[in-house]
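A look at the structure
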Amino acid sequence: MTAQTPIVQAKPYIPGRARSEVVRKVLLYAIMLAVAAVFFVPFLYTIVTAFKSIPDSVNVGLPHPWTTSAWHLVWTQYDFPTYIKNSLFLAAVVVSCNLFLSALGGYAFARLRFPGRELLFLLVLGTLMVPDQLRLIPIFVMIVHWGLFGSFWSYILINLASAVNLFFMRQYFLTIPRDFEEAAKLDGAGYFKTFWRVMLPLALPATAALAILQFQGVWNDFFWPLILFGQGNPDHYTIQLGLAELRFTYTTLWPEIAAGSIIAIIPVLIVFLAFQRFFVSGVVSAGVKG
Amino acid sequence: MAPITFEHLTKRFDQTTAVDDLNIEVADGEFLVLVGPSGCGKTTALRMLAGLEDITSGRIFIGDRVVNNVAPGARDVAMVFQSYALYPHMTVFDNLAFSLRNQKVRKAEIDRRVRQAADVLELGDFLKRKPRQLSGGQRQRVALGRAIVREPKAFLMDEPLSNLDAALRVQTRAEILRLQQRLGTTTIYVTHDQIEAMTMGDRIAVMNTGQLQQLGTPEELYEHPANTFVARFIGSPAMNMLPSSVIGIGGTGQLAGFRPEHVRLGNGHAGSGSLDAAVEVVEYLGDEQLAHLRLGDHEIVVKLPVEPRLHAGEREQFSVPFEKVLLFDEESKQAVGPAA
């Protein structure tokens with residue numbers, strides 16, 4: 001007779017694991033929602049404030065009554081259309097010129113061999129350590145001396161090239177296999193054609209990522225527009241200078257600032273949404289491979 | 001089409017000599033394979049010919065023109081890269097047309113040549129596609145197409161089949177050969193795969209540590225290897241090497257080399273050396289079997305008919321016909337000659 005082996009029920013492993021997985025997910029989502037709220041609540045507050053009257057703007061909560069007067073004021077009395085146009089013009093010119101030159105320089109530093117390349121690259125990187133405030137006076141003196149003070153060209157000239165973008169592009173070009181360039185060389189393309197027709201299109205993710213960051217940088221820039229156009233030159237005001245106009249010594253038009261801020265965000269949002277696919281892959285690949 | 005000559009070609013990277021005094025003359029329309037293990041200098045030699053690598057010393061002729069200082073694009077050679085290097089943002093048509101546009105060829109002529117190449121390579125349906133929308137084999141054909149539209153003096157191919165699976169590799173190997181025979185263009189083909197070398201090359205140049213070991217037809221290399229490196233590199237499984245005394249032939253300080261397929265089961269064959277060996281591993285291949293044998297400190301591989309079957313652990317007698325044995329000097333590793 002064989003001994004009966006007691007049947008031992010195995011512990012339900014998978015369901016237990018699934019339960020702890022649910023708890024983990026709930027916690028994770030709760031934390032993420034809390035972090036998202038930190039960013040979103042001020043934004044929500046801005047949207048709500050944009051529909052309040054000035055006396056109502058100091059109250060917390062929904063507008064009472066809802067009004068679009070702030071929107072009307074910024075659009076008609078403060079000439080926001082012109083500010084937006086100016087900002088768009090500057091952003092478009094600066095982004096295209098800066099990206100072109102950064103890519104060109106980045107490619108040269110990544111792939112071309114020329115005497116003094118390393119030293120020159122160190123010098124370019126060295127400029128990253130000089131803050132804008134330190135460059136302010138020499139640049140201001142030069143701009144005045146060249147008769148460009150108050151013109152759009154002064155701003156464009158200052159932002160024509162940037163060491164950060166050049167460095168970013170160089171790192172990206174370093175990740176692109178040499179075979180493409182060598183194939184182009186054998187196909188009879190010169191340096192510029194290789195850059196323009198082969199390498200730059202391959203660096204599209206990095207270029208798109210920089211385009212967003214640069215656009216955002218120019219769009220949100222207050223410092224240089226204030227220095228260059230802030231001295232009674234309202235035709236050249238950018239959106240950030242326009243927003244600053246809504247704040248006075250003894251009072252601040254909070255609903256108008258809120259409405260103006262939302263208007264100011266829209267173009268950046270459009271650019272980001274249009275390029276975000278490239279932006280993410282650009283940052284990732286440049287970060288990982290570079 | 002043009003002959004190509006490497007004349008005392010040398011390339012050094014700092015302290016390393018990648019290519020050492022290479023001398024090869026490639027005839028007009030010839031298919032030459034440069035073969036050797038990784039780091040033997042074969043790709044460096046090809047890249048110097050393409051103009052992608054500077055030459056330390058020596059000269060390269062394409063036709064009767066020295067091209068040492070000629071830009072890659074002006075050498076009139078087309079290269080097929082191991083990675084294909086197709087421009088990913090361009091369509092197949094644009095990939096094929098890129099070099100012609102750079103040469104300012106007329107639009108109608110570009111169109112004609114691209115479509116002709118596409119017909120030859122059966123790429124007609126894919127001209128509007130981007131490389132990422134193609135399979136590995138199709139990409140390979142586009143890479144070939146990019147070379148042939150230019151109608152260059154020579155094709156340079158740098159391990160173009162290494163990214164393909166085994167079946168496609170065999171098929172593409174034949175396609176490349178057919179194409180080369182049809183166009184009659186001088187071709188230099190780099191590979192580390194000796195089977196590719198044997199099946200494709202009119203002649204094969206075997207390289208090792210930057211030096212040319214032997215240059216000859218596949219038959220010459222297989223039958224009369226110049227040294228032990230070539231003897232073991234060409235042929236699969238590799239040639240067996242034993243001290244000549246083990247099979248009772250040759251003098252002292254000599255190695256006896258014999259191919260696995262020349263070994264027979266059983267002893268007593270006239271004009272043969274006999275081997276008493278233990279069977280360690282048997283690889284059954286369907287139509288034949290590979291047996292790994294141990295003779296004291298030595299290991300050899302033999303290729304035998306599938307019957308009678310050998311089994312691991314058995315001890316058997318084998319014989320090697322002396323007429324199939326090659327002798328090598330043990331010290332210099334150079335071939336001495338046939339044993340009989």
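Residues numbered from 1 in each chain as written. Chains lettered and ligands numbered in written order. Predicted model: local features only at pLDDT ≥ 70, side-chain atom pairs only at ≥ 80, totals over all residues. Heavy atoms only, no water.

Concerning the domain arrangement of chain A
All names here are of chain A. Rules: Each domain's extent is set by a domain assignment, obtained either automatically or from a database. Should any heavy atoms of two residues lie within 4.5 Å, those residues are counted as being in contact. By buried area we mean the combined loss of accessible area, with a 1.4 Å probe, across both parts when two parts are placed together.
According to the domain assignment, chain A contains domain 1 (15–49) and domain 2 (72–286). Using C-alpha coordinates to define each centre, domain 1 is positioned 34 Å away from domain 2. Facing 4 residues of domain 1, the contacting portion of domain 2 comprises 6 residues. Between domain 1 and domain 2 the total buried area reaches about 350 Å² when both faces are included, carbon and sulfur atoms providing 88% of it. Contact with domain 2 buries area across many residues of domain 1, yet Phe 43, Thr 46 and Thr 49 alone supply 89% of it, more than any other trio.

Points about the domain arrangement of chain B
All names here are of chain B. Threshold: Counted as a polar contact is a pair of N or O atoms within 3.5 Å, where, for protein atoms, one must be capable of donating a hydrogen and the other of accepting one, and residues adjacent in sequence contribute only when both atoms are in side chains. Residue polarity is assigned by list, with Asp, Glu, Lys and Arg as charged and Ala, Val, Leu, Ile, Met, Phe, Trp, Tyr, Cys and Pro as nonpolar; anything else, Gly included, falls into the polar class.
Partitioning chain B into domains gives domain 1 (4–226) and domain 2 (237–338). Of the residues lining the interface, 5 residues belong to domain 1; the matching set on domain 2 comes to 8 residues. Together domain 1 and domain 2 conceal approximately 470 Å² of surface at their shared face, both sides included; 46% is due to carbon and sulfur atoms. For the domain 1 face of the interface with domain 2, the top three residues by lost area are Tyr 222, Pro 225 and Ala 226, together amounting to 86%. Counting across the interface, domain 1 meets domain 2 through 3 residue pairs in polar contact (both at pLDDT 80 or more). In terms of residue class, the side of domain 1 that touches domain 2 is built from 4 nonpolar, no polar and 1 charged.

Concerning the environment of Glu21(A)
All names here are of chain A. Here is the rule we go by: The secondary structure listing takes helices from DSSP runs of H or I that are at least 4 residues long and strands from runs of E that are at least 2 residues long, numbered from the N terminus. Under the scheme applied here, a residue whose accessible area is under 20% of the maximum for its type counts as buried, over 50% as exposed, and between as partly exposed, the area being computed with a 1.4 Å probe on protein chains only.
When you line up the elements, Glu 21 lands in helix α1 (residues 13–49). A residue is classified by how much of its surface remains accessible, and Glu 21, at 35% relative accessible area, is partly exposed. In this structure, the C-alpha to C-alpha distance between Glu 21 and Tyr 83, residues 62 residues apart in sequence, is 52 Å.

Things to note about the sheet that holds strand β12 (residues 254–258) of chain B
Residue and element names in this part refer to chain B. Definition in use: For two strands to be treated as a pair, DSSP must find at least two bridges joining them. Orientation is described by axes fitted as lines to C-alpha atoms, over the contacting stretch for helices, and by angles from 0 to 180 degrees between their N-to-C directions.
Spatial ordering of the open sheet is given by β11-β12-β18-β19, a layout of 4 strands whose pairing is antiparallel. Lying at the two open borders of the sheet, with one neighbouring strand each, are β11 (240–243) and β19 (335–338). Adjacent strand axes in the sheet meet at a mean angle of 30°, parallel and antiparallel pairs treated alike. Sheet topology places β12 next to strand β18 (residues 326–329); 4 bridges connect them, and they run antiparallel. Paired with Gly 257 across the bridge in β18 is Leu 326.

Let's talk about empty space enclosed by the protein
Note the following rule: Of the two site types, the cavity is a set of points on a 1 Å grid over the protein atoms alone where a 1.4 Å probe fits but cannot get out, and the pocket is an open set with protein on both sides within 12 Å along at least five of seven lines, each lined by residues with an atom within 4 Å of a point. Grid points are joined across faces, edges and corners, and a volume is the space filled by probe spheres set on the points.
Within the structure shown, the criterion is met by 1 cavity of 30 Å³ or more. Of the voids in this model, the largest cavity is the one considered here, and its volume is about 60 Å³. Around the largest cavity, the lining residues are Ala183(A), Leu186(A), Asp187(A), Ala78(B), Met79(B), Phe81(B), Arg146(B), Ala147(B) and Arg150(B). Of all the secondary structure elements, the ones that give two or more residues to the lining of the largest cavity are α8 (178–186) of chain A together with β6 (77–80) and α4 (136–148) of chain B.

Brief notes about the packing of helix α3 (residues 80–111) of chain A against helix α4 (residues 117–126) of chain A
Residues and elements named next belong to chain A. What counts is decided by this rule: Geometric relationships in this document are graded by angle, where less than 35 degrees denotes roughly parallel, more than 145 denotes roughly antiparallel, 65 to 115 denotes roughly perpendicular, and other angles denote oblique. Should the near helix be turned counterclockwise from the far one by less than a right angle, the crossing is left-handed, whereas a clockwise turn marks it as right-handed.
Axis separation between α3 and α4 bottoms out at 10 Å; the angle between their running directions is 140°. Classed by the angle they form, the pair α3 and α4 counts as oblique. Read as a crossing pair, α3 and α4 show a hand that is left-handed. On α4, the residues touching Ala 108, Phe 109, Ala 110 and Arg 111 of α3 are Arg 117, Leu 120, Phe 121 and Val 124. Considering only residue class, the contact of α3 with α4 consists of 6 nonpolar, no polar and 2 charged.

Describing the interface of chain B and chain A
Applied cut-off: We count a salt bridge whenever a side-chain nitrogen from Lys or Arg sits within 4 Å of a carboxyl oxygen from Asp or Glu.
The partner chain A presents 16 residues to the 21 residues of chain B that form the contact. There are 2 salt bridges connecting chain B and chain A. Arg150(B) serves as the salt-bridge partner of Asp187(A), at 3.7 Å between the closest nitrogen and oxygen. Scanning the region where chain B abuts chain A turns up 10 residue pairs in polar contact (both at pLDDT 80 or more).

Section: the sheet that holds strand β15 (residues 288–295) of chain B
Taken in spatial order, the 5 strands of this open sheet run β13-β17-β14-β15-β16 (chain B), and their pairing is antiparallel. The open sheet has two free edges, formed respectively by β13 (264–265) and β16 (298–305) of chain B, since each of these has just one partner strand.

Describing the pattern of salt bridges
Taken as a whole, this structure holds 18 salt bridges over all chains when the rule is applied. Among the salt bridges present, the one from Arg47(B) reaches Glu182(A), with a minimum N-O distance of 2.6 Å. With Arg47(B) in helix α1 (residues 42–50) and Glu182(A) in helix α8, this pair bridges two chains. Arg101(B) is the salt-bridge partner of Asp94(B), the closest N and O atoms lying 3.0 Å from each other. The exposure class of Arg101(B) is partly exposed, given its relative accessible area of 34%.

Observations concerning the nonpolar core
The test is simple: Think of a nonpolar core as a cluster: buried Ala, Val, Leu, Ile, Met, Phe, Trp, Tyr and Cys residues, connected wherever their side-chain atoms sit within 4.5 Å.
Among the nonpolar cores identified, the biggest contains 100 residues, and Phe173(A), Leu34(B), Leu156(B) and Ile188(B) are the most heavily contacted of them. Apart from the residues within four sequence positions on either side, Phe173(A) is in contact with Ala103(A), Gly106(A), Tyr107(A), Ala110(A), Arg111(A), Phe195(A), Met199(A), Leu200(A) and Ala203(A). Counting 44 residues, the second-largest nonpolar core is a separate cluster that includes Leu100(B), Val149(B), Ile204(B) and Ile234(B).

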